[in-house]
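Structural description and commentary
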Amino acid sequence: MMWFGHLVTTRAYFGSLDLEDALWSIAPDLPMTLFLSPRTEPWKVIRDTPAYTWFYKWPHSLWSLILIRNPRARKIYAFHILMDLLSHTGEWSIEPFFPFGPMVHGIWDPVGWD
C-alpha cells in the first residue's frame, strides 16, 4: 500500500533487497505513521501536533543522511528522498534542506490518485 512504490522502485534500481535494505527504503516515512489518522480517508494527516513537522520534514531532508553510516543504506535512503522530491505535491511536498527551505513541489502526485 503506502510503501509498495518505494519498495518496487528501490528494488528496480538497486537489485535484490534484503530486509535491512527494505527497511531503509521506507525509513523516511516511518516516523510520519504516528500522525496518520485511522478515522479519516487514507493519506490524511493529523497536523494538530507540532511534532508532525519534525517527524515528516526532518526524515525527508538531506541533513538526515549525515546520521546514516552504512554507504548502501545512505544511497537507498537518498533514493527515497529523490523519488519523493519528484512525486510529492501539496501537503506532502518535500523540503530537502529543512528547516531552511525551500519546499519543492513534485511533478506528479501519486498520493492524490483515486
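Check the entry above for the structure.
Note that the structure is predicted; figures quoted are calculated from it, not measured. Sequence positions are assigned chain by chain, starting from 1 and proceeding in written order. Local features in a predicted model are, by the rule used here, given only for residues with pLDDT of at least 70; side-chain atom pairs are given and counted only at 80 or more, and totals for whole chains, interfaces and linings are based on all residues. In computing side-chain values, all of the structure's heavy atoms are included and hydrogens and water are not.

So, about the environment of Glu20. For Glu20, the position within the fold is in helix 2 (residues 19-26). Spatially, the C-alpha atoms of Glu20 and Ala73 are 8.2 Å apart, while their sequence positions differ by 53 residues. Segments assigned H or I by DSSP are reported as helices when at least four residues long, segments assigned E as strands when at least two residues long, and all are numbered from the N terminus.

Turning next to the nonpolar core. Here, nonpolar core refers to any group of buried Ala, Val, Leu, Ile, Met, Phe, Trp, Tyr and Cys residues whose side-chain atoms link them within 4.5 Å. When a residue's accessible area, from a 1.4 Å probe over protein chains only, is under 20% of the maximum for its type it is buried; when over 50% it is exposed; and in between it is partly exposed. Ranked by size, the top nonpolar core spans 12 residues in total: Ala27, Met32, Tyr52, Tyr56, Leu65, Ile68, Ala73, Tyr77, Ile81, Leu85, Trp92 and Ile94. Residue assignment for this core shows that the elements contributing at least two residues are helix 3 (51-57) and helix 4 (71-87). For Ile81, the residues in contact, after removing those within four places along its chain, are Pro59, His60, Ser61, Leu62 and Ser64. A contact between two residues is defined here by any heavy atoms of the two lying within 4.5 Å.

Attention now goes to the packing of helix 1 (residues 4-14) against helix 2. Where helix 1 meets helix 2, the axes come as close as 9 Å, and the angle between the chain directions of the two elements is 125 degrees. In terms of axis orientation, helix 1 runs oblique to helix 2. As helix 1 runs across helix 2, the sense of the crossing is right-handed. For the pair helix 1 and helix 2, contact is made by His6, Leu7 and Thr10 and by Ala22, Ser25 and Ile26, respectively. Between N-to-C directions, angles cover 0 to 180 degrees, with each direction set by a line fitted to C-alpha atoms, over the stretch in contact for helices. Comment on the angle field: the value is read as roughly parallel under 35 degrees, roughly antiparallel over 145, roughly perpendicular from 65 to 115, and oblique elsewhere. Note on convention: near helix rotated counterclockwise from far helix by under a right angle means a left-handed crossing. Clockwise means right-handed.

By themselves, these are just geometric observations and shouldn't be taken as functional.
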